[in-house]
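Here is how the chains run, residue by residue.
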Amino acid sequence: MSYSNRLGSVRLVHVFPAEIPAAEARRADVVESRVARKVAPLFGLGADLPPFHRSWVCDYTALSLAEIGRGAPSPHRAERSRLEAELPRAHPGGGEGPGWAWSGRSVWSAQPGTLPGALTNATLNRYGPDTKAAAVLAGANRLLRDATAAVMAACRHLAESGCDAEVRLAGWAGLVLEVYRAQPALVVAAVQARQVQRSLSAHWGTQVDRAGVTEAGAPSEIHPSGGPADPDGELEESVARWRPTSFDLVDATLPALSLADDPAAGPGLVTVDALDDIASAWCQRLLGIGRPGRGVVWLDEDGGGSRRVHAMVRVGAVVAPFVAASLGGTSAGTRTSPPVLPVLPTDDALATAPRLQRRAHLLLAHVAVNYVRYRDELLRDWPELRAQSRELVSAAVARCAAVLDHDDPVALQLAAYAAYLEVWDPPRTRTLAADADGAAGRAAAVQRLVASQQRVVESWRSGRLDPGAAAYLLEIGIVALHDAARPPAGDSALVDVFSSARSAGEGPAPLAVRSWWSAILEARGLDPKADLAVLADSVSDAQMFHLHHYAAWLAASRRRADLRRALAIQQRVVPVRAEVARREPAGFEAKSAAVRSGHELAAEIATELALVTPERERGARTQVLEDAVGHARAVLADPSTSGLLRSTGPLPAILRTAGVVARALCVAASHGVRVTVEEGAAALVLLDAAIDAARSGGAGRGAAGDEPDGTRRDGAGRKSGETQPDATWQTTSSDWRAQLADIAATRPPRHG
């Protein structure tokens, strides 16, 4: 399923756009500039370049050298033959100049030399060892020269800032990822060309011991290392120019992190060879973006026929597994202190830097914070990271006001992310006091996030924010606002606060949320008017992975039609998320929790749907309840659920999970659907853990009764201001517990 989002002639602003060189260049750079101007339109850039004024999204592996030389794709051979026979050579019609014509989306010309500005074979044949790969790689390096310089400057600052090696590597990967998002097709083509060039340029024979032979070999036989003297470096410069093997965005910037051994600085974290392997590994991951769980990549076409590629990527989900694989596991268990976050340059230092470098320095705050927050185990072991990371983003927002325009894409992204954090974090702190000042602060934060959501939509519509960034920011904002619209189960003190906020209209209006979801779907290339439940089988797995929260929003209306649509979508989401978690070797809690939350939501929707299904449709209700039991069973079996049982998860998580599972099983059993003794017993254990957690206010880092922050407990064993279970949740959970005990055929022990 595809949907074309046409914004007319609006030019989207990306953080790190390619810079297309001028037609006129100094003699030394003229070939490189001309090649870059031919490469750009083939990979979604330069839609305004003459003579075609169109861009395409070509497959590097299917592209010919002749097509690179002309800067446009050619028709199939049979179509070329037909056109040559039918159209006059002197001035074929349909084009905007002599010598060429449109053939669908392809460009036909009577002779290669008749196309304006076409590169000759003599020019292209300077490149090698693979002419096509070398030309594409040289063109990409030229187009991304300014973006590469920005990433380089940020990496040097990271190396000097004293932050952790894993944060440095994550920062580098995140910035490269942002360059990718601005021009995915070009970056992918450059990575593919890099692989070809390196494969053909690797001289295997240099490491072979030649002690057993004495005579010189034939020209094509392997030879010892070494070559002609090159005191001035001219030969090396010529090879780098005409036989490139490095993708500068990756290969030139990674060493700036100071991770590898250095003759002057001494031993590093990895060897130089290992650093090259890390660069290649990240290139391979870039090729995988757009697969389920690794973002979404989609095509778009404007009114003039130009095509481009957009990407939505959640930085932490892509970067964290790469960092773990590169630096040896997640390392959280061996830490004695939290990771050190980057330090932003001063306003004065930023003010004198070029614009793209200012963006790179400030965007690092978002990248680093997103990486750390994806690492749930870090937040659990070092809860102070929440405040530290939030402060870093706030500082970056303040720097943006000083050194960037108010509508700069980095300023817009950071401001929206900061507004999201202000709403997302409070329910996840260990203490949720409901004093007047706290309630007012939360209400103000919600209002700021609502305003931020509107600004994100307006910025995307006007082209100041790319669709991938807009879709990501809108979705996390909706999730945070939904989370803030209901008090955490078991928090009696906050019930009145949240009820008052809803009555006062301090949250987003339902129509506003609907419009945000429409914008998200449209930005991601999906038709916002289509019924995704009906089209679920035709929606790509990558898109489906990110429809979890959309299904939750649909189900929130509690209307039967919406619940049925939501369940159909969520039934497709769950297996996709399960496959993503199974495929990723790095064992992050967030990956496993994503699977658990998928089953959890499906169980919740199915239970709600069963309750609104009339008695006359008993068969349909039974089927839905069997689905609910199946998903509840999957939640109980999920590895991340055992973490909740150990009271290492946040309080709202265990209360929600236990409540959804208990309710699903109890409703199913009450309608005659079979629930096994083992399922009832497992749900009972989970519910008991939730009740204990609610009464104690949730576990901290220390053992039971340990207070690492030194706060004095009151006479009831609670910290001052700590949450207490509200009466409604207590009563409901007691009812569930009694039913689960009957299912488990065990006598419930006295509780409390």
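The notes below deal with the structure included here. (Residues numbered from 1 in each chain as written. Predicted model: local features only at pLDDT ≥ 70, side-chain atom pairs only at ≥ 80, totals over all residues. Heavy atoms only, no water.)

Secondary structure summary: the chain contains 30 helices and four strands in total. Long-range pairs, those at least 24 residues apart, make up 76% of the contacts in the chain between residues at least 6 apart in sequence. (Helix = DSSP H or I, 4+ residues; strand = E, 2+ residues; numbered from the N terminus. Contact = heavy atoms within 4.5 Å.)

With that settled, consider the pattern of salt bridges. Summed over all chains, the structure comprises 37 salt bridges. With a shortest N-O distance of 2.8 Å, Asp276 and Arg198 are connected by a salt bridge. Taken together, the residues span a long stretch of sequence, with Asp276 in helix H11 (residues 272-287) and Arg198 in helix H8 (residues 184-201) at a distance of 78 residues. The exposure class of Arg198 is partly exposed, given its relative accessible area of 24%. (Salt bridge = Lys/Arg side-chain N within 4 Å of Asp/Glu carboxyl O. Buried < 20%, exposed > 50% of the residue type's maximum accessible area, 1.4 Å probe, protein only.)

On to the nonpolar core. Looking at soluble globular proteins, one finds that nonpolar side chains tend to be buried together. Ranked by internal contacts, the top residues of the largest apolar core, which has 211 residues, are Phe16, Phe43, Trp172, Trp282 and Ile569. Excluding anything up to four places from it in sequence, Phe43 contacts Trp56, Cys58, Tyr60, Leu63, Val136, Ala185, Leu186 and Ala189. (Core = buried A, V, L, I, M, F, W, Y, C linked by side-chain atoms within 4.5 Å.)

With that settled, the discussion passes to the pairing of strand E1 (residues 100-103). Where E1 meets strand E2 (residues 106-109), four bridges bridge the pair, whose relative direction is antiparallel. Bridge assignment links Trp102 to a residue of E2, and that residue is Val107. Where E1 folds back onto E2 in an antiparallel hairpin, the turn is made up of two residues, including Gly104, whose phi is positive at roughly 65°. (Pairing = 2+ DSSP bridges.)

Our focus in this paragraph is the packing of aromatic side chains. Across all of its chains, the model carries 14 aromatic pairs by this definition. Between Phe52 and Trp100 the ring centres are 4.9 Å apart and the planes differ by 85°, which places this aromatic pair in the edge-to-face class. Of the two residues, Phe52 sits in the loop between helix H1 (30-42) and helix H2 (65-70) while Trp100 sits in strand E1, which places them 48 residues apart along the sequence. On the accessibility criterion, Phe52 (6% relative accessible area) is buried. By way of ring pairs, the aromatic residues Phe52, Trp56, Trp100 and Trp102 are connected into one cluster. One residue, Arg54, lies across the ring of Trp102, its end atom 4.3 Å from the ring centre. Here the guanidinium or amino end of Lys132 rests over the ring plane of Tyr60, the centre of that ring lying 4.4 Å away. (Phe/Tyr/Trp six-rings, centres within 6.5 Å; stacked < 30°, edge-to-face > 60°. Lys NZ or Arg CZ within 6 Å of the ring centre and 35° of its normal.)

What follows concerns the packing of helix H21 (residues 510-523) against helix H23 (residues 548-555). Running from N to C, H21 and H23 cross one another at 150°; their axes reach a closest spacing of 12 Å. By the angle class used here, H21 and H23 are roughly antiparallel. As H21 packs across H23, the resulting crossing turns out to be left-handed. Side by side, H21 and H23 meet where Val513, Arg514, Trp517 and Leu521 of the first sit next to His549, Tyr550 and Trp553 of the second. (Axes fitted to C-alpha atoms, helices over the stretch in contact; angles between N-to-C directions. Parallel < 35°, antiparallel > 145°, perpendicular 65-115°, else oblique. Left-handed = near helix turned anticlockwise from the far one by under 90°.)

Take helix H26 (residues 618-637) next. Turn by turn, an α-helix covers 3.6 residues, leaving residues three or four places apart pointing in a common direction. Spanning 20 residues, H26 covers 29 Å between terminal C-alpha atoms, matching the ideal 28 Å at 1.5 Å per step. Restricting attention to buried positions, one finds in H26 the residues Arg621, Val624, Leu625, Ala628, Val629, His631, Ala632, Val635 and Leu636. (Expected span 1.5 Å × (residues − 1).)

Attention shifts here to the environment of Val367. Relative to the helices and strands, Val367 is located in helix H14 (residues 355-374). Along the backbone, Val367 and Leu177 are 190 residues apart, and their C-alpha atoms lie at a distance of 9.8 Å. Excluding residues within four positions of it along the chain, Val367 makes contact with Ala170, Gly171, Gly174, Leu175 and Val315.

Moving on, we come to unusual backbone geometry. In the segment running from Pro50 into Pro51, the intervening peptide bond is cis, with an omega of 5°. Tracing the sequence through the fold places Pro51 in the loop between H1 and H2. The residue after Gly128, namely Pro129, is reached through a cis peptide bond having omega -5°. Along the chain, Pro129 turns up in the loop between helix H4 (121-124) and helix H5 (131-143). In this structure, Arg558 takes a positive phi of about 65° despite not being glycine. Mapped onto the secondary structure, Arg558 falls in the loop between H23 and helix H24 (560-583). Owing to a relative accessible area of 37%, Arg558 belongs among the partly exposed residues under this scheme.

On to the packing of helix H6 (residues 145-161) against H14. Axes are the key here: two packed helices are described by the angle between their axes and the distance separating the axes. It is at 8 Å that the axes of H6 and H14 come closest, and there the two elements cross at 45°. As summarised for this structure, H6 and H14 are arranged oblique, according to the angle between their axes. Judged by the twist between their axes, the crossing of H6 over H14 is right-handed. Every residue of H14 that contacts H6 at Asp146, Ala147, Ala149, Ala150, Ala153, Ala154, His157 and Leu158 is listed here: Leu356, Gln357, Ala360, His361 and Leu364. Of the residues contributing to the contact of H6 with H14, the split by class is nine nonpolar, three polar and one charged. (Nonpolar A, V, L, I, M, F, W, Y, C, P; charged D, E, K, R; others polar.)

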